[in-house]
Amino acid sequence: MKYIHKNNMKRHIHFYTLLLAATLLLLSSCVNHPDVPSSSKEAKYLPAIFPDYCNVTVPYNIAPLNFMLPGDQYEACVARISTPDGQQQTYGDGVKVQIPESEWHEMLNASKGKSLKVEVWGQKAGEWLSFTPFEIRVAKEPIDEYVSYRLIEPSYVAWTFMEIAQRNLTSFEETQIFNNEITMNDRTIGQCINCHSYQNYKTDNMLFHVRLANSGTVIVNDGKVSRVNMKRDYTISSGVYPSWHPTAKLVAFSTNRTRQGFHTLNPNKIEVYDEASDLILYDVETDSVQVVSNDSTLLEVYPTWSPDGKYLYYCKSVPLPEEMRDKDIRTTYPKVQYNLYRRSFNLATHGFGEEELVYDAASKDKSVTLPRVSPDGRYLLFAIGQYGCFHIRHNDGDIVCMPLDQELPLTQNIDLTNVNSEGRPDSYPSWSSNGHWIMVASRREDGNYCRVYFSYFHDGKVEKAFLMPQEDPEYNTFLLKSYNRPEFMVEPVKISVDEFSKVFDK
C-alpha cells in the first residue's frame, strides 16, 4: 500500500481545491450570448413573458429580472438589452432569459434615472417573431436590501415543515432565519412559527412567535435572544400581531382568539376570523403588559405605529345589526366589518389618548385591515375588502393608499390600479425604509399561492407592480409554498437558527 506524506497530502488538497475553484469560475463565466435572428416576422404586440416585466420601474440595486416565454408555445427566446449609452448584450437559453448578476448590475448602474431597452424574439413553429420592444425604467432610489417572509402551504389543517426565511433582493441568496422542526420534541402537537417583526427595519431588536409545542415569543433585545410568555390573567391570549415602537423598547400587539373555517364551495376557500381580540402594549425591558383597548363587545386588531411614535393606528369592528349580535360568528362573519382608528401616545407616561376615527370603511360597506404609515408620515396604506380581517383569503381584497395631510376621517384615495390585481387577493402592504417602494402579498398568478410584488412610489404616484425576481423564472411556477407576511429589512438577521433554538432549552 502506498502512503502519502502529510505535507504532500496538504499540497494535493490545495491543488484540487484551486482546480475546483477555477472550474467553477469557468463554468460561471460561460454565459450564453446568442445572436439575434437574422430575419423575423414583426409581431405588433408585447411579448407574453413571465414574469411580466414589460414597462416596469425597478430600483437600481435589484437582482436580475430574469424571464421566459411560455414553453408550450415557443421553442426559443432571445433578448437584447440596451443601456442609454448604447451598450448592448444578448441573452437566451431555450425559452429562458437569465442574466448574470454582475452584467445586470453594470447595466442598472449605467441607467439610473433612465431606462433599459429590451427587445425580445421568440421562435414559434420554426419561425422567429420580433415583439414590440419595452422599457425597464431604473429609479434613482434603491430598495431595502432584504425582505423576510414565512414560507407555508396555502391551505392547511395541520402544520408540516415551515420556515421564516430572508432574501437578499440585490441577489438571489435566500437563507433561513428559523424553522419549526429544530425544537419540536412532540410531533403529535406540532409547532407553528409566525409574525416576524423588526424595529425600524433593523434586526438587533426583532421578534417572532412560536405556537403550541415550546410556545412563546422569541425576542431579540439589542442582539440578545430570549423567549417570553406574554399571557396574563387579564388578556385573551399572548401577543399576536406585533408592531415595534420606532424608538422605545415597546411592542404593540393584539391579543386574539382566532379561528379558521374551510369552505368547499365558496371561492374564498378559507375564512380566518376572531371570536375575541384586544390591544396590549408590551414593555420588553420590564416584561410587563398594559391593556390599550379591550372593548368586550367589539374586536380590535392589527396595531401599527406612526413613524414618529406619537400615534398607534389599529382596526376595530363596528357593532353587528341587533338581530345578529347573539348568533354564532360562524354564521355572522360575512357581516363583520372593521374601521380604522388611532390613539395618541405619550412616551413618557405610556398613556394613550382618546380614540379617533381615521377611515370609515363600514359606511362604504367595506372592511379595513393592516394599516401601515409611510416613513415620512405623509401616506397611509391598508388592505380593504367587503368583510372580515383576513383579506389575503378574499378575492375582492385590495390595497388602498391615502394621504394623511387631510382632515380625519380620511376620504381621498390615491390611484393604485398599478398595484392591485383584478379579481384576486392583494393584501399585507408595507413601505420600504425610504418610502419609495411598496411591497404587497398577492395571489394574482393562480389564486392559490401568495407571491411578493413591488411597486415604485413617487410624489403620490404608483408604477406597475413587478414580481420579486428569481434566478430561474420558472421558480414561482413550481414553488409549492406561499410567501406569508413579507417584511422589509435594511440588514439581515445575524443570529443563526442554532442560536435561536437555544432559548428553547431554558
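This one's a predicted model, so the numbers in the text were calculated from it and none came from an experiment.

### Some points on the overall build of the chain
In terms of regular secondary structure, the chain is built from five helices and 34 strands. Here the C-alpha atoms of the chain give a radius of gyration of 25 Å, agreeing with the 23 Å that 2.2 N^0.38 yields for 506 residues. C-alpha atoms of the chain, sized along the principal axes, occupy 75 × 70 × 45 Å. Across the 506 residues that make up the chain, the buried fraction comes to 55%. A separation threshold of at least 6 residues defines the contact pool for the chain, and within that pool the share at least 24 residues apart is 58%. Across the chain, the 51 positively charged side chains and the 64 negatively charged ones have centroids separated by 4 Å.

### Describing the packing of aromatic side chains
Throughout the structure, instances matching the rule amount to 22 aromatic pairs. When the ring of Tyr74 is compared with that of Phe131, the centres are 6.1 Å apart and the planes differ by 70°; the resulting orientation is edge-to-face. Highlighted residues: Tyr74 in the loop between strand E3 (67-68) and strand E4 (76-82) and Phe131 in the loop between strand E8 (127-130) and strand E9 (134-138), separated in sequence by 57 residues. With respect to burial, Tyr74 and Phe131 carry one shared label: buried. Note on Tyr359 and Phe382: the rings are 5.0 Å apart at their centroids and 45° apart in plane angle, and the pair reads as tilted. Within this pair, whereas Tyr359 is found in strand E25 (residues 356-359), its partner Phe382 is found in strand E27 (residues 379-385), the two being separated by 23 residues in sequence. In terms of burial, Tyr359 and Phe382 fall into one category: buried. One aromatic cluster in this structure is built from Phe178, Phe208, Phe500 and Phe504. The ring of Tyr311 has Arg342 sitting right over it, with the charged end atom 3.9 Å from the ring centre.

### Quick look at the sheet that holds strand E19 (residues 270-283)
Spatial strand order, E17-E18-E19-E20: four strands in an open sheet with antiparallel pairing. Only two strands of the sheet have a single neighbouring strand rather than two, namely strand E17 (242-244) and strand E20 (288-293). Taking the axes of each pair of neighbouring strands and ignoring which way they run, one obtains an average angle of 30° across the sheet. Here 13 bridges tie strand E18 (residues 250-262) to E19, and the two strands are oriented antiparallel to one another. Looking at the pairing, Ser254 lines up with Leu279 of E19.

### A short note on the nonpolar core
Among soluble globular proteins, nonpolar side chains are generally buried collectively. In this structure, Ile62, Trp104, Val120, Ile136, Tyr359, Phe382 and Phe454 are the most contacted members of the largest nonpolar core, which totals 94 residues. Core analysis: the next-biggest nonpolar cluster, separate from the first, contains 22 residues, Tyr146, Ile152, Val225 and Val503 among them.

### A look at the side chain of His196
Structurally, the position occupied by His196 is in strand E13 (residues 191-199). You can call His196 buried: its relative accessible area is 1%. Within the local environment of His196, its side chain forms a polar contact with the backbone oxygen of Ser148, the two atoms lying 3.5 Å apart. A polar contact is formed between the side chain of His196 and the backbone oxygen of Arg485, at a distance of 2.8 Å. Ignoring anything within four residues of it in the chain, the contact list for His196 reads Ser148, Tyr149, Arg150, Ile164, Leu207, Phe208, Asn484, Arg485 and Glu487.

### Considerations on the pattern of salt bridges
Summed over the entire model, instances satisfying the criterion amount to 23 salt bridges. Here Glu487 and Arg485 are joined by a salt bridge, their closest N and O atoms 3.4 Å apart. Given a relative accessible area of 8%, Glu487 falls into the buried group. Note on Arg485: relative accessible area 9%, which makes it buried. Here the salt bridges share partners, and the residues they tie into one network are Asp295, Lys316, Arg343 and Glu355.

### A few points about the confidence of the model for the chain
Should pLDDT be low for a region, the predicted coordinates there are not to be read in detail. Model confidence for the chain is summarised by a mean pLDDT of 91, while 92% of its residues fall at 70 or above. Contacts for the low-pLDDT stretch residues 1-29, under 50 throughout, to residues beyond four places or in other chains number one contact.

### Observations concerning the side chain of Ser130
Secondary-structure assignment places Ser130 in strand E8. Ser130 sits in the buried class, given a relative accessible area of 16%. When residues no more than four places from it in sequence are discounted, the contact partners of Ser130 are Ser40, Lys41, Glu42, Ala43, Val120 and Trp121.

### Looking at the sheet that holds E13
Sheets are built from strands paired through backbone hydrogen bonds, the pairs being either parallel or antiparallel. Here we have four strands laid out as an open sheet, ordered E13-E14-E15-E16, and antiparallel in their pairing. Only two strands of the sheet have a single partner each, and these edge strands are E13 and strand E16 (224-228). Between one strand axis and the next, the sheet turns by 20° as a mean value, whatever way the strands run. With seven bridges joining them, E13 and strand E14 (residues 202-212) adopt antiparallel strand pairing. What sits directly across from Gln191, in E14, is Leu212.

### A short note on the environment of Tyr449
Here Tyr449 lies in the loop between strand E30 (437-442) and strand E31 (451-458). Here Tyr449 falls in the buried class, since its relative accessible area comes to 19%. Spatially, the C-alpha atom of Tyr449 lies 31 Å from that of Ser306, the residues being 143 residues apart in sequence. With near-sequence residues (within four places) excluded, Tyr449 lies in contact with Pro154, Ser442, Arg443, Leu479, Leu480, Lys481 and Ser482.

Reading guide: rules and limits
Residues numbered from 1 in each chain as written. Predicted model: local features only at pLDDT ≥ 70, side-chain atom pairs only at ≥ 80, totals over all residues. Heavy atoms only, no water. Helix = DSSP H or I, 4+ residues; strand = E, 2+ residues; numbered from the N terminus. Rg over C-alpha atoms; globule rule 2.2 N^0.38 Å. Buried < 20%, exposed > 50% of the residue type's maximum accessible area, 1.4 Å probe, protein only. Contact = heavy atoms within 4.5 Å. Lys, Arg positive; Asp, Glu negative; His and termini not counted. Charge placed at Lys NZ, Arg CZ, Asp CG, Glu CD. Phe/Tyr/Trp six-rings, centres within 6.5 Å; stacked < 30°, edge-to-face > 60°. Lys NZ or Arg CZ within 6 Å of the ring centre and 35° of its normal. Pairing = 2+ DSSP bridges. Axes fitted to C-alpha atoms, helices over the stretch in contact; angles between N-to-C directions. Core = buried A, V, L, I, M, F, W, Y, C linked by side-chain atoms within 4.5 Å. Polar contact = N/O pair within 3.5 Å; in protein donor to acceptor, adjacent residues only side chain to side chain. Salt bridge = Lys/Arg side-chain N within 4 Å of Asp/Glu carboxyl O. pLDDT = per-residue confidence, 0-100.

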